[in-house]
Every structure is written in C-alpha cells, then in structure tokens.
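The primary structure of each chain is shown beneath.
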Amino acid sequence: MPERINAARELVGRPLTLSEKILYSHLWDTKANEVYKRGVSYVDFAPDRVAMQDATAQMALLQFMQAGKKKVAVPSTVHCDHLIQARIGADKDLQESLNKNNEVFNFLSSVSNKYGIGFWKPGAGIIHQVVLENYAFPGGMMIGTDSHTVNAGGLGMIAIGVGGADAVDVMADMAWELKFPKLIGVKLTGKLNGWVSPKDVILKVAGILTVKGGTGAIVEYFGEGAKNLSATGKGTICNMGAEIGATTSTFGYDDSMDRYLRATDRNEVADEANKIKEYLTGDAEVYANPEKYFDQLIEIDLSTLQPYINGPFTPDLATTVGDMKSVALKNEWPMDVEWALIGSCTNSSYEDLSRAASIANQALAKGLEIKSFLGINPGSEQVRFTAERDGLLKSFEDLNATIFTNACGPCIGQWAREGAEDQPKNTIIHSFNRNFSKRADGNPNTHAFVASPEMVMAVAMSGKLGFNPITDTLTNKNGEEIKLDPPTGWELPPNGFDVDDNGYQEPAKDGSSIQILVNKDSQRLQLLDPFSPWNGENVEGAMLLIKAKGKCTTDHISMAGPWLRYRGHLDNISNNMLIGAVNYFNEKSNSIKNQINGKYEEVPAVARAYKAAGIPTIVVGDHNYGEGSSREHAAMEPRHLGVLAVIVKSFARIHETNLKKQGMLGLTFANESDYDKIQENDSFNFIDLKSFAPGKALHIEAIHSDGSKDVIALNHTYNEQQIGWFRAGSALNLIKEQNKNS
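Residues numbered from 1 in each chain as written. Predicted model: local features only at pLDDT ≥ 70, side-chain atom pairs only at ≥ 80, totals over all residues. Heavy atoms only, no water.

Asks: Sorry, what's going on with the side chain of H640 here?
Replies: On the secondary structure map, H640 appears in helix α21 (residues 633-640). With relative accessibility at 18%, the residue H640 sits in the buried group. Excluding residues within four positions of it along the chain, H640 makes contact with F531, L570, D571, S574 and K611. (Helix = DSSP H or I, 4+ residues; strand = E, 2+ residues; numbered from the N terminus. Buried < 20%, exposed > 50% of the residue type's maximum accessible area, 1.4 Å probe, protein only. Contact = heavy atoms within 4.5 Å.)

Okay, here's the thing in structure tokens:
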C-alpha cells in the first residue's frame with residue numbers, strides 16, 4: 001500500500017486525501033496512470049473483501065453458481081440477519097425464522113461451504129456490526145450486497161454497497177467497476193457533550209446535503225473532532241451516509257480505531273496499521289487547506305452541535321430536539337409515541353446500548369414509568385452476550401422492553417407489529433437509518449422518526465414526540481418533577497467482550513464434492529435462466545408500463561417485509577414489482593392501464609401480459625429514482641418481466657449500476673421537462689439504439705394516442721464495457737463466456 005500511495009502522490013503531484021489513497025492503492029491495473037487525473041469516469045478496482053446479507057446473498061450466489069468458478073477469489077462472507085421477523089422476542093422469533101426459512105438457510109450454508117465462503121448463522125448478528133467486529137480494517141476496500149456496507153468506514157475502509165452482480169465480479173476474480181467519485185470533506189472540531197451523540201453528526205449532515213446531495217461522492221470526515229469519536233460512533237456516521245446517496249464515507253486511522261481493533265482481538269491488525277498510520281489518513285496539507293482538495297466542504301463544531309430528530313417519511317428532514325414540538329404541532333404529526341426502537345446496523349454497538357441503558361437506569365432509580373413500548377435489537381451475539389453479562393439488557397427489561405433477535409428486524413420491515421394492518425395514524429421513534437413510508441411496519445400512516453439511541457430512550461420515557469430532555473421534566477410515580485441527566489456510557493466494555501458461540505461456520509477447505517440442490521417446485525428458491533442478449537436492432541412498439549410520480553425508492557420498486565421470503569425466487573418476487581410506485585395518471589399505487597385490454601390492473605399483471613404478447617416496456621420516473629437499498633431485485637424483476645428501459649430525471653447510484661448489470665437501459669432525460677411529455681397511452685420507438693455508444697445520446701420517438709409524436713433525447717453514462725453487458729444480455733452472461741475461454 002505505501003508503495004502505491006507514494007507512486008500516486010508523485011504522479012498526481014500534490015497531497016492526497018485518505019479516500020484517494022485507498023482508491024489508488026486498490027486499482028485493478030496499477031499502470032492506469034490516467035486514473036490519477038480527477039474527472040475520469042469509470043475505473044476498475046480490486047476490492048479486498050465481499051460481504052453479503054442473506055436476503056441479497058441468495059440472488060448473488062445463484063448468479064455466482066453460473067460464473068464457472070470453483071471457489072471465491074477474495075475472502076467473502078454471508079450473514080443471516082434479514083429473514084428473522086421481530087414479533088414476540090429473541091428466542092421464539094429466531095426459532096420461528098428457522099422453521100420458516102430453513103430451506104433458504106440450508107441453501108446459503110451449503111453454497112458457502114462449497115465455494116469457500118464464511119457463513120454467519122441466523123442470530124449471529126447484523127451483517128455490518130459483525131463485519132466491524134471481525135473483518136473491517138484501516139485502508140481496505142470492501143464491497144457488500146447491502147447499501148449500509150458503508151458502516152465499515154468507521155474503521156477507515158472504503159466500503160461500498162453494491163448489487164449482487166457486482167459481488168459476483170469480485171468473487172469471480174474480475175475487476176470491479178466504479179464511477180470515480182467526487183470528494184466531500186466534513187471537518188469536525190470540538191467535542192461532543194451532553195445529549196449529543198455521533199448520530200447527530202450524520203442527522204445534521206443529512207439535513208444539509210439531503211437524500212441526494214452525496215450522490216457520486218465519498219464523504220471524508222477529519223479534524224480534531226473526528227479523533228474524539230469512538231470507532232463505533234464513526235461507524236454510525238458512515239452507515240447513515242447511505243441516506244445522503246454517498247458512494248461511501250470514511251475516517252482516517254486514529255487511536256479510537258486502535259482501541260477497537262484490540263478490544264475485538266485484532267492486535268496484529270492494529271500493530272500493522274500503526275506501522276503505516278501516515279498512509280491511513282489524509283496528508284496533513286490536505287486537512288490544513290481542505291477547500292483546495294475537496295469538491296465540497298462542510299464544517300461542524302461538535303461542541304455546539306444540538307441533538308436532532310429527523311423525519312417523518314424521509315431521513316433528511318432534520319429538526320433539532322428543541323424545535324420538534326413546535327414543528328410537529330404545526331405539521332399535525334401525531335404527538336404520542338407508541339413505539340421506541342433501539343438497534344439496527346446503525347446503532348447497536350455496546351456503546352450505543354450502554355448510553356441508552358444509562359437513561360433506563362436513571363428512570364428506574366427515579367421512579368419513572370415508560371410511556372412507549374420499547375424494543376431492542378442488539379447488533380451481534382458478541383454485543384448481546386456482553387451486554388447481558390454487564391446488566392445492560394436487564395435495565396431495559398426492567399422497563400418491560402422486548403429484546404428482539406440479533407438481527408435487522410423492524411429496521412427493514414421485518415416486524416409483525418400488532419394492529420399495523422388497520423393502518424392507524426401514529427408515531428414511532430427509532431435509532432435506525434431509514435424511515436420511508438411503510439418501511440418499518442407496512443403502515444403508510446406510521447410517522448417514523450430517526451434519532452440517537454439515548455434520545456429514543458428519553459422520548460420513550462415521556463411518550464411524547466415533543467419531549468426535550470435538555471429542558472423538560474417528567475413526573476414520577478410520586479408526583480415529583482424529574483429531569484433526566486445527560487447519558488453516559490462506555491466506548492468499549494470495561495471487562496472486555498465475551499461470547500460463548502458467535503455463530504460462525506468455517507467453509508470446507510475442499511468443497512468440490514458438495515452438491516447444491518434446489519427443488520424445482522420450491523417457492524423460495526429458483527435456479528436462474530440467462531437473460532436473452534440484444535438482437536442488435538432498434539426497438540419499435542415498446543409500451544409505457546408506468547410513469548412513476550415523485551419519490552420511487554427501491555422499497556417502492558421491490559418491497560421488503562413479507563416479500564423477503566422470495567428473494568431467492570425471481571419469478572415469485574417479481575409479483576411485487578413496482579406495486580408501491582404511484583401512477584402519475586391516477587395517483588394510485590399498483591393500478592396502471594393495460595393498453596392491450598384498456599383495463600386498470602396491477603403492475604406485475606400488466607407487465608406479464610405485455611411480456612406474453614412479446615411487447616417490450618419502459619418505466620418512467622422522477623428524480624433520484626431507486627434511492628435506498630442496494631436491492632438488486634429492483635433491477636432483476638423489471639428485466640425478468642420484459643422492461644427494456646428505465647427513463648428518469650436522475651438515478652440513485654447503486655440502482656443505476658444494477659440496471660446496467662442486468663442488461664437494461666438506464667437513461668435520463670436530456671431535458672427534464674420531457675418527463676411531462678410522456679402520456680398514458682404512449683408507445684415508443686428507440687430510433688438509434690443500433691448506434692449505442694459512450695458519450696452519445698439516444699433518442700426515442702414517443703407516439704401519442706392522437707397520432708402526434710415527440711422525439712426525446714436521452715442521456716446515459718454507459719462506457720464500452722457496460723454497453724457490452726447490454727449487448728450480451730447481462731454482465732453475468734459476459735463473465736460466463738470469459739470463464740469458458742479461460
């Protein structure tokens with residue numbers, strides 16, 4: 001690494017940021033000197049690791065099985081954390097998940113065993129917490145099939161969420177391609193105090209940049225304030241960087257990372273990092289004059305930072321705790337907080353639980369009664385075991401909290417919340433990262449707010465959204481007015497981490513004899529058939545499937561929650577395709593016009609009708625289309641059901657890449673106002689697809705029902721290799737061909 005960084009610095013002729021150091025040291029082709037020129041487009045990299053969560057791993061591994069490889073080329077892991085539903089409590093919920101998902105877990109276990117992949121069993125923990133505890137390391141590059149892979153930036157990695165096809169590239173020893181990012185610098189000064197936590201840093205940044213302000217950029221945090229944060233606190237900030245659209249976020253190596261590595265039994269990693277620590281942070285000149293080296297600069301004084309509560313319905317609607325009461329009343333948000341939830345990959349570390357527990361202990365000691373239901377999701381079995389040993393979980397249990405499994409649970413919609421099916425208007429508060437409509441419990445009327453674990457705990461004690469623990473008091477059982485003291489906690493457990501069984505399965509050294517069996521009648525798993533290649537001709541007579549209005553996230557395109565059970569069965573899960581998107585023409589969800597029969601029907605049904613008739617379709621969308629998860633299914637389902645192109649005002653990064661990987665056209669309006677020209681009964685001719693080339697706009701002819709036409713210019717970001725994916729039908733089709741000839 002030092003050699004590559006020194007060579008890069010010499011070629012660039014200036015000091016380097018940390019992000020540049022890591023990117024340059026992981027170039028696939030070390031001779032690609034043109035990469036050092038800022039402004040280049042797509043670049044090939046060689047990541048060190050791959051991490052996959054169980055919901056996305058199914059499709060990733062089904063694709064890898066077709067790649068023609070006997071073993072993964074880089075260290076890779078699978079983590080079973082998404083398929084466990086929160087309902088009653090840890091033990092019963094885990095057993096229920098094992099009963100329901102045994103077929104999938106056995107499949108993931110056997111594929112991992114065969115191809116040399118480490119397997120973390122159900123209940124072992126949330127992927128990103130487990131990765132931080134075991135695999136993340138300063139200066140490394142990792143990709144993961146989950147948008148919150150970025151959590152590993154808390155230990156100084158460049159960690160990026162991707163689709164399963166990207167993971168297949170790396171596991172199959174292929175270069176991994178990324179559009180070279182811009183750089184956003186966040187200078188932190190001062191030190192956190194009182195009720196303010198690392199979560200408030202990213203809640204404020206989200207308010208500044210919005211959900212798309214970080215798109216195409218790496219956010220690099222630096223300054224004395226950064227050094228004052230714990231490694232898990234840094235992880236929280238990086239984790240929620242996914243909510244601003246950032247490619248990833250990271251911090252330079254410092255003493256807090258050293259402490260965390262040693263506390264998690266990685267002394268050798270810490271020792272090696274200390275030998276080259278000047279290479280594991282940005283050059284001093286960069287941080288002294290950051291405006292010269294970053295495309296955008298934000299400065300935050302931690303000493304004056306206030307605690308925030310963000311939401312509802314979007315994670316970038318930032319409101320200080322002090323202003324929340326008046327803002328909530330003005331907007332007529334429900335003030336009673338029914339549930340408070342602590343955990344998720346964003347905030348489930350020992351430090352998070354200890355700070356929240358300090359509020360719980362105060363409440364117990366001062367005779368306060370909790371007013372909201374409380375749920376806790378520990379981040380890993382190691383965190384849970386240690387927290388139980390140290391009495392932290394008992395503090396929550398004494399307030400009648402439900403301790404859920406070490407898994408994602410409500411954060412991703414895996415929550416069987418009683419009464420949610422009636423869709424009452426209500427408020428919840430949680431320490432998660434996302435709060436889109438319907439995400440936690442499927443209820444579009446649940447107003448979900450995001451805050452730090454300690455603030456969630458304080459609000460739970462009051463039961464009121466407008467409660468401000470800095471100024472307000474609570475009334476205890478004796479009628480006394482009680483003011484909560486600021487939270488306290490432990491950066492690391494004073495008596496060290498401990499665990500009986502962390503839930504890890506080592507893969508077989510030789511998996512060649514292991515057979516992977518998928519029942520052809522299975523409703524959960526389905527072997528993949530290759531997508532058809534492009535025939536080389538212009539496309540005529542395509543129909544409009546849906547023109548989506550407003551926000552259309554991956555949750556709208558391919559819902560999670562109960563649909564997670566079909567993540568390994570492409571045809572079955574395609575029955576949720578775009579059912580959450582709002583049809584521009586009638587402002588309804590899952591109701592679009594079938595031009596074959598003139599009736600309004602469900603989106604998947606109409607798509608299947610067009611596919612059966614041999615009619616290709618297009619999807620039209622608004623800004624930041626595909627925001628949210630790395631959910632590859634949101635690209636594979638439209639591909640499977642005959643969608644040729646997705647045409648939008650702008651894309652979220654991961655989703656655009658996923659569309660390309662699956663052999664689809666991801667295009668943007670050259671003139672955004674052309675979105676308004678698309679009519680409900682339109683058909684489309686792609687008039688110059690035969691000349692598809694990098695940097696050259698494509699054009700479609702929109703034919704309206706009255707016979708009039710509009711020719712619409714469409715931009716794209718495809719390079720020659722990506723156009724090759726389109727021609728071949730998918731990136732995987734190309735990989736298979738290359739491995740045949742190798």
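Moving on from the coordinates now.
Asks: I would appreciate a short explanation of the pattern of salt bridges in the present structure.
Replies: The full count for this structure, using the stated rule, is 33 salt bridges. The residue E96 makes a salt bridge to K100 at a minimum N-O spacing of 3.7 Å. Here the residue E96 and the residue K100 both occupy positions in helix α4 (residues 90-115), the gap between them amounting to 4 residues, near one helical turn. Taking relative accessible area as the criterion, E96 reaches 33% and is therefore assigned partly exposed. Counted as one network, the salt bridges with shared partners bring together R9, K21 and D283. (Salt bridge = Lys/Arg side-chain N within 4 Å of Asp/Glu carboxyl O.)

Asks: What's the story with α21 in this structure? I'm lost.
Replies: Residues spaced three or four apart along an α-helix point in a common direction, a consequence of the helix completing one turn every 3.6 residues. Judged by how many residues are buried, α21 sits mostly within the fold: 8 of 8 residues are covered. Along α21, the positions that sit buried rather than exposed are H633, A634, A635, M636, E637, P638, R639 and H640. Of the surrounding elements, those touching the buried residues of α21 are α3 (54-64), α18 (554-557), α19 (570-573), α20 (603-612), β26 (643-648) and α22 (653-661). Positive phi appears at G642, one or two residues downstream of α21, with a value of about 90°.

Asks: Even after reading the chapter, I still don't get the environment of G161, so can you show me in this structure?
Replies: Looking at the secondary structure, you find G161 in strand β6 (residues 158-161). For the pair formed by G161 and H148, sequence separation is 13 residues and the distance between their alpha carbons is 6.3 Å. Not counting the four nearest positions on each side in its chain, G161 is found in contact with G144, D146, S147, T149, V150, R653 and I654.

Asks: Explain the nonpolar core to me, please; I cannot follow it from the model alone.
Replies: Here is a general trend for soluble globular proteins: nonpolar side chains tend to be buried in one another's company. Among the nonpolar cores identified, the biggest contains 95 residues, and L188, Y221, F396 and M457 are the most heavily contacted of them. Once residues lying within four places of it in the same chain are set aside, the contact partners of L188 are V201, Y221, F222, G223, E224, G225, A226, L229, F251, I300 and L302. With 71 residues, the next largest nonpolar core counts A60, V78, I160 and V286 among its residues. (Core = buried A, V, L, I, M, F, W, Y, C linked by side-chain atoms within 4.5 Å.)

Asks: How should I be thinking about the side chain of Q63 in this particular structure?
Replies: Of note, Q63 is situated in helix α3. In this structure Q63 comes out as buried when scored by relative accessible area, which is 2%. Polar contacts involving the side chain of Q63 include one to the side chain of E632, which spans 3.1 Å. Other than its neighbours up to four places away in sequence, Q63 contacts G164, A165, V168, L528, E632, M636, Q662 and L732. (Polar contact = N/O pair within 3.5 Å; in protein donor to acceptor, adjacent residues only side chain to side chain.)

Asks: Sorry, what's going on with the packing of helix α23 (residues 720-728) against helix α24 (residues 731-740) here?
Replies: Between two packed helices, the angle of one axis relative to the other and the distance separating the axes together describe the packing. Closest axis-to-axis distance for the α23/α24 pair is 7 Å, and the angle between their directions is 90°. By the angle between their directions, the pair α23 and α24 is classed as roughly perpendicular. Listed contacts from α24 to G724, W725 and A728 of α23 are A731, N733 and L734. (Axes fitted to C-alpha atoms, helices over the stretch in contact; angles between N-to-C directions. Parallel < 35°, antiparallel > 145°, perpendicular 65-115°, else oblique.)

Asks: What am I meant to see in the packing of aromatic side chains here?
Replies: A ring pair, where both rings are aromatic, is described by two values, the distance of the centres and the angle of the planes. Taken as a whole and judged by the stated rule, the model has 20 aromatic pairs. Centroid distance F222 to F294: 5.6 Å. Interplanar angle 5°. Geometry classified as stacked. You can see F222 sitting in strand β9 (residues 217-222) and its partner F294 sitting in the loop between α12 (284-288) and β11 (296-301), a full 72 residues away along the chain. Accessibility assignment for this pair places F222 and F294 in one class, buried. The structure contains a cluster of three or more aromatic residues connected by ring pairs, namely W534, F692, Y718 and F726. It is K649 that lies over the ring of Y675; its NZ or CZ is 4.5 Å from the centre. (Phe/Tyr/Trp six-rings, centres within 6.5 Å; stacked < 30°, edge-to-face > 60°. Lys NZ or Arg CZ within 6 Å of the ring centre and 35° of its normal.)

Remember, this is a structural readout, not a statement about activity or role.
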